[in-house]
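# What the coordinates show
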Amino acid sequence: WPPLSPPIHDYFVELCQSNPASMGRKGQRPRVCAVDCEMVGVGRGGKKSVLVRVSVVGRKGEVLLDCLVRPDQEVTDWRTSIT
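Residues numbered from 1 in each chain as written. Predicted model: local features only at pLDDT ≥ 70, side-chain atom pairs only at ≥ 80, totals over all residues. Heavy atoms only, no water.

## A word on the overall build of the chain
Let me state the cut-off plainly: Put simply, DSSP marks the helices as runs of H or I at least four residues long and the strands as runs of E at least two long, and each gets a number from the N terminus on. Each residue is placed in one exposure class: buried if its accessible area under a 1.4 Å probe, protein chains only, is under 20% of its type's maximum, exposed if it is over 50%, and partly exposed if it falls in between. Residue contacts follow a heavy-atom distance rule, with two residues in contact if any of their heavy atoms lie within 4.5 Å. Each accessible area is a Shrake-Rupley estimate made with a 1.4 Å probe; only the visible protein chains count as cover when residues are assessed.
A tally of regular secondary structure across the chain gives one helix and four strands. Reading the chain from its N end, one meets helices and strands in the order α-β-β-β-β. Taken across its 83 residues, the chain has 25% of its residues classed as buried. Considering only contacts within the chain whose residues lie at least 6 apart along the sequence, 42% involve residues at least 24 apart. Accessible surface for the chain amounts to roughly 6,500 Å². Of this, 54% is attributable to carbon and sulfur atoms.

Spelled out as structure tokens, the structure:
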């Protein structure tokens, strides 16, 4: 999988650094409970997947990040059959 685009990656890093509820003890990884990505298809037949939404929820259910991402290509498959 490709890495998150720089703006989303930077926002996630900033969020974890600025939100004590999302961090573990010093030197530990963030205590993130779940990351969910919503994908759509672009291009001919919608075969190529691109990110349109990323959500991060902390271990107590708090929303740490919920971000829509504008695809750089026209969406040809909204993947409604699986969402």
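The structure having been displayed, the exposition proceeds.
## Comments concerning the pattern of salt bridges
Basically, it comes down to this: A pair is scored as a salt bridge if a Lys or Arg side-chain nitrogen falls within 4 Å of a carboxyl oxygen belonging to Asp or Glu.
In this structure the tally under the stated criterion is two salt bridges. Asp77 is the salt-bridge partner of Arg79, the closest N and O atoms lying 3.4 Å from each other. Looking at Arg79, the relative accessible area reads 14%, which means it is buried.

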